[in-house]
Amino acid sequence: MINLSPRLKLISDFVPLDSKVMDIGCDHGLLDIYLYQNRIVKKIIASDINLSALNNAIENIKANKLEKEIETRLSDGLENIHAEDEIDTLVIAGMGSNTIVNMLKKDIKKLDKIKTIIIQSNTKLEFLRREIVKLNYYITDEAIVEDNKKIYIVIKFIKGRRKYTKKELYFGPILLSTQSLVFQKYTKDNLKKLQCILSSVPKNKILLRYKIKKEIHLYQDIV
């Protein structure tokens, strides 16, 4: 049986039982193997735009004797999802938010059948939440985890509509309500970083200083 890192285990916890999943950017395919071995999914396709990464996944899948159960595809995002696949869940991890949003908008018609999108990104999470919400999804779960001295946030979106405040989009509505110890550490560390950045920005950079100060005030409201 595959053992997952805390980051990947958190992602796996968000995958709906008996779902049909496309893992976009599967890397080594460990998540896909775990999901199948633990009978969480009915179907899973491991995909990557990078042939080398996909070959790594293929080797791991073969090593676990699951090549007949887990399909692999070279795919640029949702490009090679087909109606007959009946995919209802997307997992997208380890990419920048701009890349993720552009990918989803590029094949927006394919989202019609997608009920759940699970995303782990390390950049621009306010932008990510806002743009996915615009695609008619809402945040049903979020969690934060520390893995190998790095902090990761995983967000689960479900088809539907809900309104959020600026603060909820910035920090995450569920992360704000739960206020875990890791979240508290994350926000305090980011506040210190922003304060340090502000101190190094020249006084004549008025707009930049204003933008940083606004972010600092958001953090100060919750720390």
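All values reported here derive from a predicted model rather than from experimental measurement.

Notes on the pairing of strand β1 (residues 19–24)
- Of all 6 residues making up β1, 5 are buried, and the element is well covered by its neighbours.
- The pairing of β1 with strand β2 (residues 41–48) spans 6 bridges and is classified as parallel. Bridge pairing in β2 places Asp23 opposite Ala46.
- Handedness of the crossover is the feature at issue here: the chain leaves β1, passes through helix α2 (residues 30–37), returns alongside β2, and the resulting connection is right-handed.
- Bridge count for β1 against strand β4 (residues 89–95) is 4 bridges, and the pairing is parallel. Bridge pairing in β4 places Asp23 opposite Val91.

What to know about the packing of helix α8 (residues 181–200) against helix α9 (residues 206–222)
- Relative orientation of the contacting elements α8 and α9 amounts to 150°, with a least axis distance of 10 Å. Between α8 and α9, the angle is such that the two are roughly antiparallel. With respect to the hand of their crossing, α8 and α9 are arranged in left-handed fashion. Only Arg209, Ile212, Lys213, Glu215, Ile216, Tyr219, Gln220 and Ile222 of α9 make contact with α8, whose side of the interface consists of Phe183, Thr187, Asn190, Leu191, Leu194, Gln195, Ile197 and Leu198.

Some details on the packing of aromatic side chains
- With the rule as written, the count across this model stands at 5 aromatic pairs.
- An angle of 90° between the planes, with centres 4.9 Å apart, marks the rings of Phe171 and Tyr219 as edge-to-face. With Phe171 in helix α6 (residues 166–171) and Tyr219 in helix α9, the pair connects residues that are 48 residues apart, well separated along the chain.
- We classify Tyr219 as buried; its relative accessible area is 5%.
- Among the aromatic residues, those joined into a ring-pair cluster are Tyr170, Phe171, Phe183, Tyr186 and Tyr219.
- The ring of Phe127 carries Lys124 above its face, with NZ or CZ at 4.7 Å from the centroid.

Let's talk about the layout of surface pockets
- Each pocket or cavity is described by its volume, and for the largest pocket that value is around 890 Å³.
- Around the largest pocket, the lining comprises 29 residues; the ones closest to its centre are Tyr170, Tyr186, Asn190, Glu215 and Tyr219.
- Elements that contribute at least two residues to the lining of the largest pocket include exactly α5 (125–134), β7 (150–159), α6, α8 and α9.
- The residue inventory of the lining of the largest pocket, partitioned by class, reads 14 nonpolar, 4 polar and 11 charged.
- In this structure, the second largest pocket spans a volume of roughly 290 Å³.
- Lining the second largest pocket are 15 residues, with Arg7, Gly25, Cys26, Asp27 and Ala93 sitting closest to its centre.
- Listed by contribution, the elements that provide at least two residues to the lining of the second largest pocket are α1 (6–14), α2 and β4.

Considerations on the pattern of salt bridges
- Evaluation of the coordinates by the stated rule reveals 14 salt bridges.
- The partner of Asp76 in a salt bridge is Lys106, and the shortest N-O contact between them spans 3.2 Å. You can see Asp76 sitting in the loop between β3 (70–74) and β4 and its partner Lys106 sitting in helix α4 (residues 97–106), a full 30 residues away along the chain.
- Accessibility expressed as a relative area gives 53% for Lys106, which makes it exposed.
- We note a salt bridge from Lys166 to Glu126, for which the minimum N-O separation is 3.3 Å.

The rules behind each value
Residues numbered from 1 in each chain as written. Predicted model: local features only at pLDDT ≥ 70, side-chain atom pairs only at ≥ 80, totals over all residues. Heavy atoms only, no water. Buried < 20%, exposed > 50% of the residue type's maximum accessible area, 1.4 Å probe, protein only. Helix = DSSP H or I, 4+ residues; strand = E, 2+ residues; numbered from the N terminus. Pairing = 2+ DSSP bridges. Right-handed = clockwise from strand over helix to strand, strands pointing away. Axes fitted to C-alpha atoms, helices over the stretch in contact; angles between N-to-C directions. Parallel < 35°, antiparallel > 145°, perpendicular 65-115°, else oblique. Left-handed = near helix turned anticlockwise from the far one by under 90°. Contact = heavy atoms within 4.5 Å. Phe/Tyr/Trp six-rings, centres within 6.5 Å; stacked < 30°, edge-to-face > 60°. Lys NZ or Arg CZ within 6 Å of the ring centre and 35° of its normal. 1 Å grid on protein atoms, 1.4 Å probe; cavity = no way out; pocket = protein on both sides within 12 Å on 5 of 7 lines; lining within 4 Å. Points joined across faces, edges and corners; volume = space filled by probe spheres on them. Nonpolar A, V, L, I, M, F, W, Y, C, P; charged D, E, K, R; others polar. Salt bridge = Lys/Arg side-chain N within 4 Å of Asp/Glu carboxyl O.

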